[in-house]
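# Remarks on the overall topology
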Amino acid sequence: MPFASPGLLVPLQVFLARVENPLPVTSGLVVEVAWLLVRLVFWFFFNGFLLHFLYFASLKSADADVLHRLDKWTLAGVLYLLGQFMTCKYAVIYGLPYLQARLDGMWAPTPPACIAYVYHYSDMWRYFDSGMHACLKRYLYRPLKGSKTGLVRHLGAMFMCFVFISFWHGATHQVVMWAGVNCLVDMLHMGAVHLERTSLAKKYLVNRLSPVAMQRVRAAGALPLLLLSLMVQSFFLGDTEFASVIVFRLYLKADFLLVAPVVLYCFIHMSNHLQRLGYTKLTSSATTFTPGPRQDTKTSSRCLCEL
């Protein structure tokens, strides 16, 4: 059930369990809430600073003539800032009800983790809105998939999850395009994961290559999916005109497509390295919803369909 806010979905069983057995108020909880409040105040004013001095939020709805005057890397920077601003904005929007829930002794999913390190967009679904992810997993994906583990059942259940996501966000042309391409990307990711687990792949690829070489192979395989996800993100963050300019000015230009894959390939390795060092939340902030007093964490980076 949703809290009194535009987000933080919590399964009904978890909510009822916390009503009967609220979390105790301890000194550690007070320190946590106080520190969270300081962070929320900072991000609130930081978002206002961004909107006042930078104009990327206005450019997403600007005329095509204005967008065509920008060079390619400025357009890429606008798209990047739109994604980062979405994280900062929802950190406040989701952080306020999370703070309220903690003060009431309730349990709530954590605010979004930073998406700057995300290159598998299946991780975006898990870490940005973990409440919706948990509800989809419990009430839609698992009932549709059933107890069988076949690939077709996985794909069908995942497809229906993205259909629901499309309607949840309004089912506009941009949203359907965004959800459909992300569904395709997640299916390809899932197919690659299943392929790597086959005996043939283990025999001729996994067992013959060093861990570093396998990491390079996985990064190369993730690169086209990342490019596709970033392209379709423009449909969700802006309007159709903005997305069309992004596609024609960036993705259909040879000079950009020669440089961007190299930059993004290095970005994938950097993200993996930071995750191993523990500098990101992508291995710790995705929480499972259990009625008990303890928050368990998932540490594996898996597809939406595998959870």
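When its secondary structure is counted, the protein chain shows 13 helices and zero strands. Each helix (α) and strand (β) of the protein chain, taken in turn from the N terminus, gives the series α-α-α-α-α-α-α-α-α-α-α-α-α. Considering the protein chain as a whole, with its 307 residues, one finds that 46% of them fall into the buried category. Element-wise, carbon and sulfur atoms account for 68% of the exposed surface of the protein chain, whose accessible area totals about 16,000 Å².

The next subject is a nonpolar patch on the surface. On the surface, Phe49, Phe53, Leu54, Tyr80 and Leu81 cluster together into a nonpolar patch covering about 500 Å² of accessible area. Secondary structure elements with two or more residues in the nonpolar patch: α2 (27–53) and α5 (72–103). Following the sequence through the fold, phenylalanine 53 ends up in helix α2.

Turning to helix α8 (residues 151–168), a few remarks are in order. Spanning 18 residues, α8 covers 26 Å between terminal C-alpha atoms, matching the ideal 26 Å at 1.5 Å per step. Buried within α8 are the following residues: His154, Ala157, Met158, Cys161, Phe162, Ile165 and Ser166. Looking at the buried residues of α8, the elements they touch are α6 (121–127), α7 (130–145) and α9 (173–196). Looking at the residues trailing α8, positive phi occurs at glycine 170, about 110°.

This part is about the environment of leucine 79. Topologically, leucine 79 is positioned in helix α5. Separated by 158 residues in the primary sequence, leucine 79 and leucine 237 place their C-alpha atoms 8.1 Å from one another. When near neighbours in sequence (up to four residues on either side) are disregarded, leucine 79 contacts Leu230, Ser234, Leu237, Phe242 and Ile246.

Before going further, it helps to examine the packing of aromatic side chains. Summed over the entire model, instances satisfying the criterion amount to 13 aromatic pairs. Ring plane angle 50° and centroid distance 5.2 Å describe the contact between tryptophan 73 and phenylalanine 256, whose orientation is recorded as tilted. Taken together, the positions of tryptophan 73 in helix α5 and phenylalanine 256 in helix α13 (residues 254–277) put the pair 183 residues apart, joining distant regions of the chain. Both rings, one in tyrosine 90 and one in phenylalanine 128, keep their centres 5.6 Å apart while their planes meet at 70°; by these two values the pair is edge-to-face. Taken together, the positions of tyrosine 90 in helix α5 and phenylalanine 128 in the loop between α6 and α7 put the pair 38 residues apart, joining distant regions of the chain. Taking the relative accessible area as the measure of exposure, phenylalanine 128 reaches 11% and is therefore buried.

Turning our eyes to something else, we now look at the packing of α9 against helix α11 (residues 211–237). Close contact between α9 and α11 brings their axes to 8 Å; oriented N to C, the two are set at 170°. By the angle between their directions, the pair α9 and α11 is classed as roughly antiparallel. Across from Gln174, Met177, Trp178, Val181, Asn182, Val185, Leu188, His189 and Glu196 in α9, the residues of α11 making contact are Met214, Arg218, Leu225, Leu228, Ser229, Val232, Gln233, Phe235 and Phe236. Its residues assigned to classes, the contact of α9 with α11 shows eleven nonpolar, five polar and two charged.

Reading the values: the criteria
Residues numbered from 1 in each chain as written. Predicted model: local features only at pLDDT ≥ 70, side-chain atom pairs only at ≥ 80, totals over all residues. Heavy atoms only, no water. Helix = DSSP H or I, 4+ residues; strand = E, 2+ residues; numbered from the N terminus. Buried < 20%, exposed > 50% of the residue type's maximum accessible area, 1.4 Å probe, protein only. Areas by Shrake-Rupley, 256 points an atom, 1.4 Å probe, with all protein chains shown as cover. Patch = residues over 30% accessible without salt bridge, like charges linked within 9 Å, V, L, I, M, F, W, Y side chains within 5 Å. Salt bridge = Lys/Arg side-chain N within 4 Å of Asp/Glu carboxyl O. Expected span 1.5 Å × (residues − 1). Contact = heavy atoms within 4.5 Å. Phe/Tyr/Trp six-rings, centres within 6.5 Å; stacked < 30°, edge-to-face > 60°. Axes fitted to C-alpha atoms, helices over the stretch in contact; angles between N-to-C directions. Parallel < 35°, antiparallel > 145°, perpendicular 65-115°, else oblique. Nonpolar A, V, L, I, M, F, W, Y, C, P; charged D, E, K, R; others polar.

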